[in-house]
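The residues making up each chain are set out below.
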Amino acid sequence: PPPRGARPPPPRPRDPADRRRVWTWATVSFLLMCVMWSSVAGGPGAEGARTREMALDGPPSIGNEQRDRASAADGSFARGSGLARDDTKETDRSDDASYTDVAEASDGSSSADAGSDAEVEEEATATKEIPIPRTKGTCVTRSLRAPRFERSPSPEPEPGGGGASGSAAWLELAAALAAEAGNSTSDLILVGDSITEAWRGTSFGAPRAEYASAPEILNRRLGEYSPLPLAIAGDTTSNVLWRLRNGGFPDKTIRSGSRSATSPPFVVLLIGTNDLSVSVRDVENGGVATGCASDADVAALFSSGVPSASAGIIACVEELVKLCPDSRIVVLGITPRGERVYNRVSYLQPSVWSAAIDATNVLVERALENGKRGVSSSFGGSKRYRNVVFQPCSEPFLVRDLAGGGKRVDERLMRDGLHPNGAG
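(A) Expanded view of the overall build of the protein chain. Scanning the protein chain from N- to C-terminus turns up 10 helices and 14 strands. Taking all 424 residues of the protein chain together, the buried fraction comes to 51%. The long-range share in the protein chain, meaning contacts at least 24 apart out of those at least 6 apart in sequence, stands at 78%. Accessible surface, the protein chain: about 19,400 Å² in total, of which carbon and sulfur atoms supply 54%.

This is how it looks when you write it as structure tokens:
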């Protein structure tokens with residue numbers, strides 16, 4: 001044996017015992033490295049194989065130095081969404097004013113009666129705590145209990161741009177989309193607001209630099225389906241209903257090709273975030289007027305926003321099923337949103353709108369599932385709605401907030417806290 005304190009001899013490649021020792025320590029070191037890496041990079045929304053098609057300069061961020069304003073109780077709405085500015089409706093509008101200029105929409109909800117629908121509504125809203133937003137400087141002073149869900153009449157279709165007859169610019173855009181729809185043989189139709197219009201590389205019909213790469217990304221990922229986005233920035237569910245009923249969807253009689261299908265095989269619907277925004281537009285001393293969301297904003301979101309948004313989404317699904325009964329219809333959940341406070345964007349979750357978006361998504365998802373099972377009076381039964389599916393969209397846009405705990409919108413994917421960029 002070597003003398004005490006002497007260094008061990010180097011491994012001998014031809015010695016089986018030495019080879020086993022080297023491989024054992026190499027394996028242990030590799031496993032320890034994997035454990036440390038997973039502890040640092042793990043969690044929802046951690047770094048992965050994300051596409052980085054675009055790098056953009058965004059609005060100033062409040063940053064990671066923020067801490068929790070209050071702890072969310074068990075069962076609270078804390079997973080989704082947020083309050084950022086609304087979709088821009090005119091190209092010459094400034095970012096600061098954009099979320100004040102949203103088309104007025106009629107309140108609405110499903111025409112369902114009691115039964116399992118009522119149980120879903122109770123579960124989605126009543127007795128749930130609405131946490132104080134984690135945003136630094138928020139004007140929300142206390143946590144609230146979500147009120148019992150109250151239904152309102154189904155939304156009426158109306159053109160966008162404000163007023164009973166809509167704006168001339170919006171009507172012109174709607175007519176242009178209707179012309180595209182009338183000549184379309186696409187296998188994938190995308191219906192929605194500015195988040196969907198971004199796939200065209202535009203916002204309210206005008207090219208936007210932050211969306212310049214979107215058409216190429218869409219074609220690269222889904223080009224085999226010849227996707228056609230039919231969307232206008234700022235649209236509410238009422239505006240989408242108007243477009244669907246006024247030629248804004250492909251006519252099944254003009255489809256051509258080798259297949260005999262009479263409807264587009266796939267339809268994707270993403271709508272509802274602007275319905276929530278509309279509900280707080282006229283709140284006295286609310287976020288739209290002061291730049292900082294208030295307790296009254298939170299109350300309005302649940303008394304008006306959640307019923308109108310959920311009802312409007314379901315009404316759009318109803319209309320799509322009539323237009324394309326053979327299509328697979330994918331209803332996307334409302335995506336997360338950051339919060340604007342005095343013209344600065346916070347990405348922290350929950351934001352002032354998180355609970356309302358979560359409640360809306362729950363109501364829509366459960367109503368669709370009940371309709372497929374034929375147990376919901378909102379829907380016609382399992383046969384008619386067998387091709388409708390709901391897909392949540394929150395988690396891909398959320399990451400862990402290492403500084404303050406909880407989650408935050410990934411600003412690399414949503415630089416303004418609302419609209420996904422090329423990477424998103």
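Let us keep going from here.
(B) Representation of the sheet that holds strand β7 (residues 266-270) in the model. Taken in spatial order, the five strands make up an open sheet running β6-β3-β7-β8-β12, and their pairing is parallel. Edge strands, defined here as strands with exactly one partner in the open sheet, are β6 (228-231) and β12 (388-391). On average, adjacent strands in this sheet sit at an angle of 20° to one another, irrespective of strand direction. Taken together, the four bridges between strand β8 (residues 328-332) and β12 define a ladder with parallel strand orientation. Paired with L332 across the strands is Q391, a residue of β12.

(C) Looking closely at unusual backbone geometry. Residue P350 follows Q349 across a cis peptide bond; omega there is 0°. Take P350: it is sitting in the loop between β11 (348-349) and α10 (354-373). At N285, a residue that is not glycine, the phi angle is positive and equals roughly 60°. Along the chain, the position of N285 falls in the loop between α7 (273-280) and α8 (287-290). Residue N343 is not a glycine yet carries a positive backbone phi of 70°. Relative to the helices and strands, N343 resides in the loop between β9 (339-341) and β10 (344-346).

(D) Region of interest: the nonpolar core. Among the nonpolar cores identified, the biggest contains 56 residues, and F302 and V331 are the most heavily contacted of them. With 12 residues, the top contributor of residues to this core is helix α9 (residues 295-323). Ranked by size, the runner-up nonpolar core spans eight residues in total, among them V345, Y347, F397 and L398.

(E) The arrangement of the state of the cysteines in detail. Under the definition given, this model contains one disulfide. There is a disulfide in this structure between C139 and C292, and the S-S distance comes to 2.1 Å. Note on the C139 and C292 pair: the S-S dihedral is about 115°, so by sign convention the disulfide is right-handed. In this pair, C139 is assigned in the loop between β1 (129-130) and β2 (144-145) and C292 in the loop between α8 and α9, connecting sequence segments 153 residues apart. Its relative accessible area of 27% is what places C139 among the partly exposed residues.

(F) Geometry of the packing of aromatic side chains. The tally for this structure, following the rule as stated, stands at two aromatic pairs. Taking 5.4 Å as the distance between ring centres and 70° as the angle between the ring planes, the aromatic pair formed by W170 and W242 counts as edge-to-face. Pair noted here: W170 is in helix α3 (residues 168-182) and W242 is in helix α6 (residues 237-244), with a separation of 72 residues, a long-range link. Overall, the relative accessible area of 0% leaves W170 in the buried class. Look at W242 and you get partly exposed, because its relative accessible area is 23%. Geometrically, the ring pair formed by Y225 and F266 is edge-to-face, given 5.6 Å between the ring centres and 85° between the ring planes. With Y225 in the loop between α5 (214-222) and β6 and F266 in strand β7, this residue pair connects regions lying 41 residues apart in the sequence. Note on Y225: relative accessible area 27%, which makes it partly exposed. Cation over ring: R337 sits above W353, and NZ or CZ is 4.6 Å from the ring centre.

(G) Structural view of α3. The end-to-end C-alpha distance of α3 is 21 Å, a good match for the 21 Å that 15 residues give at a rise of 1.5 Å each. Those residues of α3 that sit buried are W170, A174, L177, A178 and A181. Taken down its axis, α3 places every buried residue within 105° of arc, on the same side. Of the residues in α3, the exposed ones pointing more than 90 degrees away from the buried face are A168 and E172. Where α3 is buried, its residues contact β6 and α6.

(H) Layout of the pairing of β6. Every second residue of β6 is oriented toward a common face, with L228 and L230 on one face and P229 and A231 on the other, all of them buried. Taken together, the four bridges between strand β3 (residues 188-192) and β6 define a ladder with parallel strand orientation. Counterpart to V191 in the pairing with β6 is L230.

(I) A look at the pattern of salt bridges. On inspection of all chains with the given rule, the structure shows 12 salt bridges. Between R200 and E180 there is a salt bridge, with the nearest N and O atoms lying 2.6 Å from each other. One end of the pair, R200, is in the loop between α4 (194-197) and β4 (202-203); the other, E180, is in helix α3, and 20 residues separate them in sequence. We classify R200 as partly exposed; its relative accessible area is 27%. Classification of E180 as partly exposed rests on a relative accessible area of 33%.

(J) Region of the structure containing α9. The end-to-end C-alpha distance of α9 is 41 Å, a good match for the 42 Å that 29 residues give at a rise of 1.5 Å each. The axis of α9 is deflected most strongly, by about 40°, at L301. Burial of α9 is extensive: 24 of the 29 residues sit out of reach of the surface.

(K) Quick peek at the environment of L241. Here L241 is to be found in helix α6. Expressed as a C-alpha distance, the spacing of L241 and P159, which sit 82 residues apart in the sequence, is 8.8 Å. Among residues more than four places away in sequence, those in contact with L241 are P155, P157, A315, C316 and E319.

Calculation criteria
Residues numbered from 1 in each chain as written. Predicted model: local features only at pLDDT ≥ 70, side-chain atom pairs only at ≥ 80, totals over all residues. Heavy atoms only, no water. Helix = DSSP H or I, 4+ residues; strand = E, 2+ residues; numbered from the N terminus. Buried < 20%, exposed > 50% of the residue type's maximum accessible area, 1.4 Å probe, protein only. Contact = heavy atoms within 4.5 Å. Areas by Shrake-Rupley, 256 points an atom, 1.4 Å probe, with all protein chains shown as cover. Pairing = 2+ DSSP bridges. Axes fitted to C-alpha atoms, helices over the stretch in contact; angles between N-to-C directions. Core = buried A, V, L, I, M, F, W, Y, C linked by side-chain atoms within 4.5 Å. Disulfide = S-S within 2.5 Å. Phe/Tyr/Trp six-rings, centres within 6.5 Å; stacked < 30°, edge-to-face > 60°. Lys NZ or Arg CZ within 6 Å of the ring centre and 35° of its normal. Expected span 1.5 Å × (residues − 1). Arc of directions from axis to C-beta. Salt bridge = Lys/Arg side-chain N within 4 Å of Asp/Glu carboxyl O. Bend = angle between axes of the 7 residues up to and from the residue.

None of the figures reported here should be taken as evidence of function without further support.
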